[in-house]
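The lines below spell out each chain.
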Amino acid sequence: MGKVAFWLLGALAFAVQASETPGIGYPEGYRDWRHVKTMEIKPGHALYESFGGIHHLYANPEAVEGYRSGRFRDGAVIVFDLLEARHEGNTLAEGGRKVLGVMVRDARKHASTGGWGFEAFAAGDPKRPVVGEDAAKACFGCHAARQSDNYLFSSLRD
Ligand code: HEC
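The following paragraphs examine the structure supplied in this document. Bear in mind that the values here come from a model prediction, so they are computed numbers and not experimental data.

We now examine the overall build of the protein. If you tally the helices and strands in the protein, you get four helices and five strands. What you see in the protein, going N to C, is helices and strands ordered as α-β-α-β-α-β-β-β-α. Here the protein holds 158 residues, and the buried ones make up 43% of them. Within the protein, residue pairs in contact and separated by at least 24 positions form 54% of the contacts whose partners lie at least 6 positions apart.

Here helix α3 (residues 61-69) has its buried residues at A63, V64, G66 and Y67. Axial view of α3: buried residues confined to an arc of 160°, hence all on one face. What points out from α3, more than 90 degrees from its buried face, is the exposed set P61 and R68. Packing partners of the buried residues in α3 comprise β1 (34-41), β2 (53-59) and β3 (77-88). Just downstream of α3 lies G70, where phi reads positive at about 85°.

On to the coordination of the iron atom of the ligand. On the protein, H143 (NE2) is the one donor atom to the iron atom of the ligand, at 2.2 Å. As for its placement among the helices and strands, H143 is situated in helix α4 (residues 135-143).

Those residues of α4 not exposed but buried are A135, C139, F140 and H143. Down the axis of α4, the buried set is contained in an arc of 85°. They therefore lie on one face. The elements touched by buried residues of α4 are β4 (91-105) and β5 (116-122).

Criteria and thresholds
- Residues numbered from 1 in each chain as written.
- Predicted model: local features only at pLDDT ≥ 70, side-chain atom pairs only at ≥ 80, totals over all residues.
- Heavy atoms only, no water.
- Helix = DSSP H or I, 4+ residues; strand = E, 2+ residues; numbered from the N terminus.
- Buried < 20%, exposed > 50% of the residue type's maximum accessible area, 1.4 Å probe, protein only.
- Contact = heavy atoms within 4.5 Å.
- Arc of directions from axis to C-beta.
- Donors = N, O, S within 2.8 Å, 3.2 Å for Na, K, Ca; no water.

Purely geometric stuff here, so don't read any function into it on its own.
The structure is reproduced here in structure tokens:
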């Protein structure tokens, strides 16, 4: 659990410093990209504190090609869109946006984190990046375990 406590809590601590670092840009237009998958993380899950809610993954055309070929070229972008989960009656609906996570492929620039740049925007606000130069600790700590799958957890389905 310890290494997970970044998304929202640690995120705030780094907000100021991150905003001064020219980093990964906000993924403009990602809602028009390819939907990869959706998942809900419920209370009681080990990652609930950081990732609780509904998340949708989106891939731009370069990333779609990467999922299919197993080789991600520079410019591939994958988005992790985390929303509150609202249970009402026997339904599950999306609530407000908690955070927007982004992975951007640039093999040379981000060589120290597997060729992927990481950023997250609090509440999906382009003006509130919260990772900055802390990607190695805040994000890559987990993704590093997925080296044999291009540092990704997900795969594309039809
Ligand atoms: C506690 C481990 C953990 C940490 C820390 C973590 N991730 Fe992930 N990440 C995951 C898991 C697990 C998935 C797969 C979710 C799914 O399959 O729906 C994932 C998926 C993703 C994806 C979709 C691509 C993929 O790998 O499937 C993006 C983008 C992403 N994370 C960005 C980030 C960013 C940005 C950070 C840092 C702010 C971060 N992650 C930190 C575990 C983590």
